[in-house]
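# Analysis of the macromolecular model
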Amino acid sequence: MELLKQRIQRDGKVIGKDILKVDSFLNHQIDVQLLNEMGKEFKRMFKDEKITKILTVEASGIGISCITAQYFGVPVIFAKKTESKNLDGETYESEVYSFTRGKTYKIRVSKRYIGPEDRVLIIDDFLANGKAVLGLKDIIGKANALLVGVGIVIEKGFQEGGKILRSQGIRIHSLAIIKSMDSGKIEFEEDEF
Ligand code: 5GP
């Protein structure tokens, strides 16, 4: 998605060798108009999939998921990272290793909001090693729901997540795929659609 790539080039900051900071439009301050264009793209890609729920992880996936959900007319469920009294009743759980934080955490979704009738689209801000998506996929499996696809805003193509998920037959669409960001210079792969 050209608009997104231009914005990453303009405002993205490379931290170390493998972290991209996009706090000015995606992860802290949010450019709602840009997210709106991304939501339209996800709708275009997955319009024939009869999606019933969008699933993400708190907190950074929630904004783009909600905007995308407006185009599909479906609810968003965000997996929670902390235990909460609001999550009464039973939950589906999975474990996710976060390489940005260097630790493993648990994610959980109430059994009330996902079930065998659901056709689920996972949306997230970044795809790196694929652990967050695999944790969400695990929860979808435990609920006997169907994972129909994954929509990613920024995929770091030089990390292994995309390869792992595609080799499992999962349909992934990333709005921007970064080929490399050596010495702070960001290069993209060609758009796949
Ligand atoms: P994965 O589970 O694919 O290894 O990593 C994906 C998750 O880690 C995303 O939900 C995102 O929040 C975070 N993440 C991974 N890489 C980056 C990055 O380069 N920048 C930012 N801001 N978050 C990242």
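Up top is the structure.
Within each chain, residues carry numbers counting from 1 in the order of the written sequence. Residue-level local features of this predicted model are given only where pLDDT is at least 70; pairs of side-chain atoms are given and counted only at 80 or more, and the full residue set underlies all totals for whole chains, interfaces and linings. The basis for the side-chain values is all heavy atoms of the structure; hydrogens and waters are excluded.

## Points about helix α3 (residues 32-46)
Condition: Helix numbers and strand numbers start at the N terminus; a helix is a DSSP run of H or I with at least 4 residues, a strand a run of E with at least 2. One less than the residue count of a helix, multiplied by 1.5 Å, gives the span that helix is expected to have. Using a 1.4 Å probe on the protein chains alone, a residue whose accessible area is under 20% of its type maximum counts as buried, one over 50% counts as exposed, and one in between counts as partly exposed. Regarding the arc, it is the one traced by the directions from the helix axis to the C-beta atoms.
Given a rise of 1.5 Å per residue, 15 residues ought to cover 21 Å, and the 21 Å separating the end C-alpha atoms of α3 matches this to within 8%. Taken together, the buried positions of α3 are occupied by L34, L35, M38, G39, E41, F42, M45 and F46. Projected down its long axis, α3 carries its buried residues within an arc of 160 degrees, all on one side. Turned more than 90 degrees away from the buried face of α3 sit V32 and Q33, all of them exposed.

## Regarding the sheet that holds strand β9 (residues 172-180)
Operational definition: Two strands are counted as paired when DSSP detects at least two bridges linking them. Contacts between residues were defined by any pair of non-hydrogen atoms, one from each residue, lying within 4.5 Å. To obtain an axis, a line is fitted to C-alpha atoms, over the contacting stretch when the element is a helix, and the angle between two such axes runs from 0 to 180 degrees between their N-to-C directions.
With mixed pairing, the six strands of this open sheet are ordered in space as β4-β3-β7-β8-β9-β10. Edge positions in the sheet fall to β4 (76-79) and β10 (187-188), since each of these pairs with one other strand and no more. On the sheet, helix α4 (residues 62-72) packs against β3 (53-57), β4, β7 (119-127) and β8 (146-156) and is oriented at approximately 175 degrees with respect to β3.

## Observations concerning the environment of A176
Residue position: A176 is located in strand β9. For A176 and L3, which are 173 residues apart along the polypeptide, the C-alpha to C-alpha distance reads 9.7 Å. When neighbours within four sequence positions are excluded, A176 is seen to be in contact with L4, K5, I8, V153, I154, E155 and F188.

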